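A look at the structure
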Amino acid sequence: MTQAQEGSTHPVMEKEISYIRSWGRWKELWEKTTEADILHSLLHIGFAVPVDEGETVDRILWYLNMADKRKSYFNFRKNEDKDLRFQRIIMGGKEINNFEDIRLLLVQKAFQALCQNFFKNTGKEHNNHWWLPMVLDPQVLEKLFWFFRLDEDGRFFNRQHPEDHNTLIVAEFIRNVCEFIWNYEDSYSRWGVRFNDEIIEALRQARPNTITILFGLKELDFLFNLERHHGLNVGCMKRLKKLAMGFDLYLPSPDASRDAYRKPLTIEEACFGGSQAARVLISLRVIQAEKGRFCDIRELESQRREVEERLKKVRKD
């Protein structure tokens, strides 16, 4: 190495360096940038950018919007794409030669960032409430129910194969959220948190939406827990009926050669066709009816004992 080389300034010392100081600045860079490689990098670091009060919610909402429709390649085609020249590139470890693949890769990167920074359990000692402050925000809760909506086949619109690692992370997350919404009464004993009346009412109103998620998870048996029967309101039962009747099932027809997939005409037909929602709804109706019957028996028995005591008293007199 020559003396000139030894005394030269390192290239990094000659480079002016700054960093993304805020979520607002991150969004500015996202809007201005068109290079796919840089957009991909921005998605990767988005959750590491400092946020001010209120921006945490905005960031979650932004990423949920960005990660939407990640299952379908055809969602990201534009008519004008065919008029643009595209050079093959390597991005995210994949060779890409068209714009729809670029868009899909960015959407999937946003989903991956959500999984690793929001859906994944990042709490100390693996506590299951790291997401609690976000879920208690009405905007985030509403957006989560939108993101985990069902497709025309009754599956999660934004969920992929069960063997995918991120899918397992998501399943655990939404399962924990549903459990919390049904068991929020235990929040103080479990976490030392008390909720005001407004939050409690919002959580009660959210229960029908959790039934949709449990349907997508195929875990509606969750509702058979005895303590949860008290929380089954009219909205919950209506949601179960809607789910039972809303999707095609393989059902018989008068002509045995024409059995086909169609929507059921009755709850009983949906039960015969294998709908978990129908089976759970029928069972819950029986449970609620029996619960009412036993309550009536106890009330009448109490009245009978009261009458007997009065009769004894009158006879003594």
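Residues numbered from 1 in each chain as written. Predicted model: local features only at pLDDT ≥ 70, side-chain atom pairs only at ≥ 80, totals over all residues. Heavy atoms only, no water.

1. Let's talk about a nonpolar patch on the surface
A cluster of nonpolar side chains, Val12, Met13 and Ile17, forms an exposed patch at the surface whose accessible area comes to about 340 Å². Along the polypeptide, methionine 13 turns up in the loop between helix 1 (3–7) and helix 2 (23–32). (Patch = residues over 30% accessible without salt bridge, like charges linked within 9 Å, V, L, I, M, F, W, Y side chains within 5 Å. Areas by Shrake-Rupley, 256 points an atom, 1.4 Å probe, with all protein chains shown as cover. Salt bridge = Lys/Arg side-chain N within 4 Å of Asp/Glu carboxyl O. Helix = DSSP H or I, 4+ residues; strand = E, 2+ residues; numbered from the N terminus.)

2. A few points about the environment of isoleucine 45
If you trace the backbone, isoleucine 45 turns up in helix 3 (residues 36–45). Here isoleucine 45 falls in the partly exposed class, since its relative accessible area comes to 33%. Isoleucine 45 sits 19 residues away from tryptophan 26 along the chain, and the two C-alpha atoms are 9.4 Å apart. Excluding its chain neighbours within four sequence positions, the residues that come into contact with isoleucine 45 are Ile20 and Trp26. (Buried < 20%, exposed > 50% of the residue type's maximum accessible area, 1.4 Å probe, protein only. Contact = heavy atoms within 4.5 Å.)

3. Digging into the packing of helix 8 (residues 165–182) against helix 10 (residues 197–217)
Packed helix pairs are specified by the crossing angle of their axes together with the interaxial distance, meaning the distance between the axes. Between helix 8 and helix 10, the least distance of the axes is 9 Å, while the angle of their chain directions is 145 degrees. The handedness of the crossing between helix 8 and helix 10 comes out as left-handed. Residue-level contacts link Ala171, Ile174, Arg175, Cys178, Phe180, Ile181 and Trp182 of helix 8 to Leu203, Ala206, Arg207, Thr210, Ile211, Ile213, Leu214 and Leu217 of helix 10. When its residues are assigned to classes, the contact of helix 8 with helix 10 shows twelve nonpolar, one polar and two charged. (Axes fitted to C-alpha atoms, helices over the stretch in contact; angles between N-to-C directions. Left-handed = near helix turned anticlockwise from the far one by under 90°. Nonpolar A, V, L, I, M, F, W, Y, C, P; charged D, E, K, R; others polar.)

4. Points about the confidence of the model for the protein chain
For the protein chain, per-residue confidence averages 85 on the pLDDT scale, and 83% of positions sit at 70 or higher. Mean pLDDT values for the elements of the protein chain range from 59 in helix 9 (residues 187–191) up to 96 in helix 2. (pLDDT = per-residue confidence, 0-100.)

5. Describing the packing of helix 4 (residues 55–66) against helix 7 (residues 138–147)
One can describe the packing of helix 4 onto helix 7 by two numbers: an axis separation of 10 Å at closest approach and a directional angle of 10 degrees. Considered as vectors, helix 4 and helix 7 are oriented roughly parallel to each other. Considering the relative orientation of helix 4 and helix 7, their crossing is left-handed. Contacts between helix 4 and helix 7 involve Val57, Ile60, Leu61, Leu64 and Asn65 from the former and Gln139, Val140, Lys143, Leu144, Trp146 and Phe147 from the latter. (Parallel < 35°, antiparallel > 145°, perpendicular 65-115°, else oblique.)

6. Quick notes on the pattern of salt bridges
With the rule as written, the count across this model stands at eleven salt bridges. Among the salt bridges present, the one from arginine 305 reaches glutamate 301, with a minimum N-O distance of 3.7 Å. Placement of both arginine 305 and glutamate 301 in helix 13 (residues 276–316) is noted, with a separation of four residues, approximately one turn of the helix. The partner of arginine 304 in a salt bridge is glutamate 308, and the shortest N-O contact between them spans 2.4 Å. Remark: glutamate 308 and arginine 304 occur in helix 13; sequence separation between them is four residues, near one turn of the helix. We classify arginine 304 as partly exposed; its relative accessible area is 38%. A relative accessible area of 35% places glutamate 308 in the partly exposed class. One connected set of salt bridges, linked through shared partners, spans Glu301, Arg304, Arg305 and Glu308.

7. Points about the packing of aromatic side chains
The full count for this structure, using the stated rule, is 23 aromatic pairs. Plain terms: the ring middles of tryptophan 30 and tryptophan 62 are 5.2 Å apart, the flat faces sit at 85 degrees to each other, and that makes the pair edge-to-face. Pair noted here: tryptophan 30 is in helix 2 and tryptophan 62 is in helix 4, with a separation of 32 residues, a long-range link. Accessibility expressed as a relative area gives 13% for tryptophan 30, which makes it buried. A relative accessible area of 18% means that tryptophan 62 is categorised as buried. The rings of Phe111, Phe118, Phe119, Trp131, Trp146, Phe147, Phe148, Phe156, Phe173, Phe180 and Phe195 are connected pair by pair, giving a single aromatic cluster. Cation over ring: lysine 143 sits above tryptophan 146, and NZ or CZ is 4.3 Å from the ring centre. (Phe/Tyr/Trp six-rings, centres within 6.5 Å; stacked < 30°, edge-to-face > 60°. Lys NZ or Arg CZ within 6 Å of the ring centre and 35° of its normal.)

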